Amino acid sequence: MRTPGAGPDHDLPFTDRVIVTLVHLRFQLPHAALAGLYQVDRSTVTRAVREVRPLLAARGFAVPGRPDLRLRTLADVFAYAAAHGVELRIDGTEVQVRRPRANKPDRRAFISGKKKTNTKKATVVTDGGGRTLWAGAFRPGRMHDQTALRTEGIADLFEQFPQVKAKVDAGYRGLAKQFPDQVQAPPLKPKKDAPPEETATWNEHRHRQSSQRICVEHANAEHKQWRALQRYLGRREDFDETYTAIAGLVSDRAAER
């Protein structure tokens, strides 16, 4: 193991290393192209991205009106929501990733049942204004959203913070059944032979719940304005760190709204 400070000096100052990392995340430019712009070797850019990206991912997520506060874990999010009376919005999103090599035991785990391609999923939590408060619970595209809730302990946090409320989509209906006073999911669709009045009432409730929950979809769209999350071309092992870094940067701008 090298001692801290050993090895060759950086060819790029820290400011340029940050800029290179931001440009790579925003536009997903190849390292060789960025190296050509700076007239350095490609390995220099790769080293800069690998050093700065974890720092961005570790910053956490900004909240409106509190520049001194950063949310880094789900427990932080629930504690913040309980203290300030924030109603959460929870949703899952998925990004296409590279297909695993043939004959790998977990190759089928990334095939999404919805998109029918290789993806990785993330869970996003926002407030009522669509400001990102947390992104995580990363898992292969084959895993259902409800499974991610159990593995990440989101259900346990609802038990610890009974005053926290959230709105979710139909993929989290099991969570709404478990916590009917805290979690609101879209109403069940009436049967085919239901009277028109019941169908009209269901449509009204569904539209109202959707209009209150749509802000988390807008937050997901903000994340995917960054080219790296439109179709991720890097290593799947770096996806979690990349998504967290981008979501944290998006939260900085969203907190100013």
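What you are looking at is a predicted structure, and each value in this text was computed from that prediction instead of being measured.

Caption draft 1: Quick look at the overall build of the chain. The secondary structure content of the chain amounts to nine helices and seven strands. Seen through its C-alpha atoms, the chain measures out along the principal axes to roughly 75 × 45 × 30 Å. In the chain, buried positions account for 44% of the 257 residues. Surface summary for the chain: the accessible area is close to 14100 Å², and the carbon and sulfur share equals 51%.

Caption draft 2: Structural view of the nonpolar core. Membership of the largest hydrophobic core comes to 52 residues, with the highest contact counts inside it found for F78, L88, F158, F239 and Y243. Counting only elements with at least two residues in this core, the list comes to α3 (42-57), α4 (74-84), β3 (88-96), β4 (119-126), β5 (132-140), α6 (154-160), α7 (173-178) and α9 (239-254). If one sorts the elements of this core by residue count, α9 sits on top with seven residues. What L88 contacts, discounting residues up to four positions off in sequence, is V77, F78, A81, V125, T126, L133, V164, K165, A166 and K167.

Caption draft 3: Representation of the side chain of T126 within the structure. Tracing the backbone through its elements, the reader meets T126 in strand β4. Judged by its relative accessible area of 0%, T126 falls in the buried class. The residues contacting T126, other than those within four sequence positions of it, are E87, L88, R89, R131, T132, L133, C215, V216 and A219.

Caption draft 4: Examining the packing of helix α8 (residues 196-223) against α9 more closely. Two elements in contact, α8 and α9, have axes separated by 9 Å at closest approach and are oriented at 115°. By the angle class used here, α8 and α9 are roughly perpendicular. For the crossing formed where α8 meets α9, the hand is right-handed. For the pair formed by α8 and α9, the contact residues are N220, E222 and H223 on the first element and Y243, I246, A247 and V250 on the second. Looking at the contact of α8 with α9 residue by residue, the classes come out as four nonpolar, two polar and one charged.

Caption draft 5: Structural view of unusual backbone geometry. Although it is not a glycine, Q39 adopts a positive phi angle of roughly 60°. Of note, Q39 is situated in the loop between α2 (31-38) and α3. Taking the relative accessible area as the measure of exposure, Q39 reaches 75% and is therefore exposed. Of note in this structure, A137 is not a glycine but carries a positive phi near 50°. Mapped onto the secondary structure, A137 falls in strand β5.

Caption draft 6: Structural view of the environment of T119. With respect to the element layout, T119 can be found in strand β4. C-alpha of T119 to C-alpha of P30: the two residues are 89 residues apart in sequence and 21 Å apart in space. Setting aside anything within four residues of it in sequence, one finds T119 in contact with E94, V95, Q96, V97, F110, S112, P140 and G141. For T119, the side chain forms a polar contact with the side chain of E94, separated by 2.9 Å.

Caption draft 7: How the structure looks around α8. Over its 28 residues, α8 extends 40 Å from the first C-alpha to the last, a length consistent with the 40 Å expected when each residue adds 1.5 Å. The sharpest bend along α8 comes to roughly 40°, located at Q212. W202, Q209, R213, C215, V216, A219, N220 and H223 are the residues of α8 that are buried. Those residues of α8 that are buried lie in contact with β3, β4, β5, β6 (166-167), β7 (183-184) and α9.

Caption draft 8: Layout of the pairing of β5. Counting buried positions over the nine residues of β5 gives eight, a clear majority of the element. Across six bridges, β4 lies against β5 in antiparallel orientation. In the strand pairing of β5, K121 is matched with R139. Linking β4 to β5, which pair antiparallel, is a turn of five residues; within it G130 sits at a positive phi near 75°.

Reading the values: rules and limits
Residues numbered from 1 in each chain as written. Predicted model: local features only at pLDDT ≥ 70, side-chain atom pairs only at ≥ 80, totals over all residues. Heavy atoms only, no water. Helix = DSSP H or I, 4+ residues; strand = E, 2+ residues; numbered from the N terminus. Buried < 20%, exposed > 50% of the residue type's maximum accessible area, 1.4 Å probe, protein only. Areas by Shrake-Rupley, 256 points an atom, 1.4 Å probe, with all protein chains shown as cover. Core = buried A, V, L, I, M, F, W, Y, C linked by side-chain atoms within 4.5 Å. Contact = heavy atoms within 4.5 Å. Axes fitted to C-alpha atoms, helices over the stretch in contact; angles between N-to-C directions. Parallel < 35°, antiparallel > 145°, perpendicular 65-115°, else oblique. Left-handed = near helix turned anticlockwise from the far one by under 90°. Nonpolar A, V, L, I, M, F, W, Y, C, P; charged D, E, K, R; others polar. Polar contact = N/O pair within 3.5 Å; in protein donor to acceptor, adjacent residues only side chain to side chain. Expected span 1.5 Å × (residues − 1). Bend = angle between axes of the 7 residues up to and from the residue. Pairing = 2+ DSSP bridges.

In short, the description is geometric, and any link to function would need to be established separately.
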